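Here's the letter readout for the chains.
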Amino acid sequence: MKNTFTTFLTLGLIFISLITMNAQQKQKMENTALIIIDVQNDYFPGGKMTLEKSEQAAENTRSILEYFRKNNLPVIHIQHISTNDGATFFLPDTEGAKINHLVLPKEDEKVIVKHFPNSFRETDLLNYLQSQKIKNLVITGMMTDVCVDTTTRAAFDFGFTNTIIGDATATRNRELSGEVIKAADVQKSFLAGISALGNLYARVISTNEFLK
């Protein structure tokens, strides 16, 4: 009898603990939205602007996306369409400009088309976030040192608290004064810069750290 009571008591405490943890997690994610930037086909192998480890970054983005969907949290997809003269990728009405199948938007998820690196520039992103009372952004996508960086810094200026999922972003080799800067070094430098001064512009964490 005593053993049965102890077992029921233990199960009850575990159940209460799980409920409490779930409530705390929901409270932590209150007023938070996921922004997925430019995870489009041209950035993948065979595309016109292939990035280093784009598939790995997209898989991690999908894991974050699944978390937001499971918890009924807002998701915003950003899609870049190039309209500037001389553009060579993300051209209108091309396969390369389509959002990659790993993170395809659902019908009830917001999709915002942009034409500049800054996802806020000449789009309704700010108005939409404000209308949904969003204060915190979880940011993933491509390219780390261009659209992700620019959008995050703009979001900070608009008063948002930002978290970048570092391994859910990707870039490519760059060149400076004839020297090739490896993608891995570009990635680390930009993530280090944007999280400098006590995570001024954004906190940078991994997919596993976020999903804990």
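Residues numbered from 1 in each chain as written. Predicted model: local features only at pLDDT ≥ 70, side-chain atom pairs only at ≥ 80, totals over all residues. Heavy atoms only, no water.

Visitor: Help me understand the overall build of the protein, please; the structure alone is not making it clear to me.
Guide: Counting secondary structure elements, the protein contains 7 helices and 8 strands. A buried classification covers 42% of the 212 residues belonging to the protein. The contacts of the protein with a sequence gap of at least 6 include a subset with a gap of at least 24, amounting to 75%. Total accessible area on the protein is roughly 12000 Å²; 53% of this is exposed by carbon and sulfur atoms. (Helix = DSSP H or I, 4+ residues; strand = E, 2+ residues; numbered from the N terminus. Buried < 20%, exposed > 50% of the residue type's maximum accessible area, 1.4 Å probe, protein only. Contact = heavy atoms within 4.5 Å. Areas by Shrake-Rupley, 256 points an atom, 1.4 Å probe, with all protein chains shown as cover.)

Visitor: Please explain helix α2 (residues 54-70) as it appears in this structure.
Guide: Each full turn of the α-helix corresponds to 3.6 residues, which orients residues three or four apart in the same direction. With 17 residues, α2 should reach 24 Å at 1.5 Å per residue; the first-to-last C-alpha distance of 24 Å fits that figure. Within the sequence span of α2, burial applies to S54, A57, A58, N60, T61, I64, L65, Y67 and F68. A positive phi of about 55° marks N72, the residue just after α2. (Expected span 1.5 Å × (residues − 1).)

Visitor: What exactly am I supposed to notice about the confidence of the model for the protein here?
Guide: Predicted coordinates in regions of low pLDDT should not be interpreted in detail. Overall, the predicted model of the protein reaches an average pLDDT of 91, with 87% of residues at or above 70. The model gives residues 17-27 a pLDDT under 50, and that stretch makes 1 contact with residues more than four places away or in other chains. (pLDDT = per-residue confidence, 0-100.)

Visitor: Where do I start with the sheet that holds strand β2 (residues 75-80) in this structure?
Guide: Pairing between the strands of a sheet comes from backbone hydrogen bonds, and it takes one of two forms, parallel or antiparallel. One open sheet accounts for 6 strands, arranged β3-β2-β1-β4-β5-β8; its pairing is parallel. This sheet does not close on itself; its edge strands, each paired only once, are β3 (110-114) and β8 (203-205). Sheet twist, expressed as the mean angle between neighbouring strand axes with direction ignored, is 25°. In this fold helix α4 (residues 144-157) packs onto β1 (32-37), β3, β4 (136-142) and β5 (161-170), with an angle of close to 175° to the strand it touches most, β5. (Pairing = 2+ DSSP bridges. Axes fitted to C-alpha atoms, helices over the stretch in contact; angles between N-to-C directions.)

Visitor: Would you take a moment to explain the packing of aromatic side chains for this structure?
Guide: Working definition: an aromatic ring pair is given by the centre-to-centre distance plus the angle between the planes. Inspection of every chain in the model, using the stated rule, returns 9 aromatic pairs. Members of the aromatic cluster, joined through ring pairs, are Y43, F89 and F90. Stacked on the ring of F116, the Lys or Arg R121 has its end atom at 3.7 Å from the ring centre. When the ring centre of Y201 is taken as reference, the NZ or CZ atom of R153 above it lies at 4.5 Å. (Phe/Tyr/Trp six-rings, centres within 6.5 Å; stacked < 30°, edge-to-face > 60°. Lys NZ or Arg CZ within 6 Å of the ring centre and 35° of its normal.)

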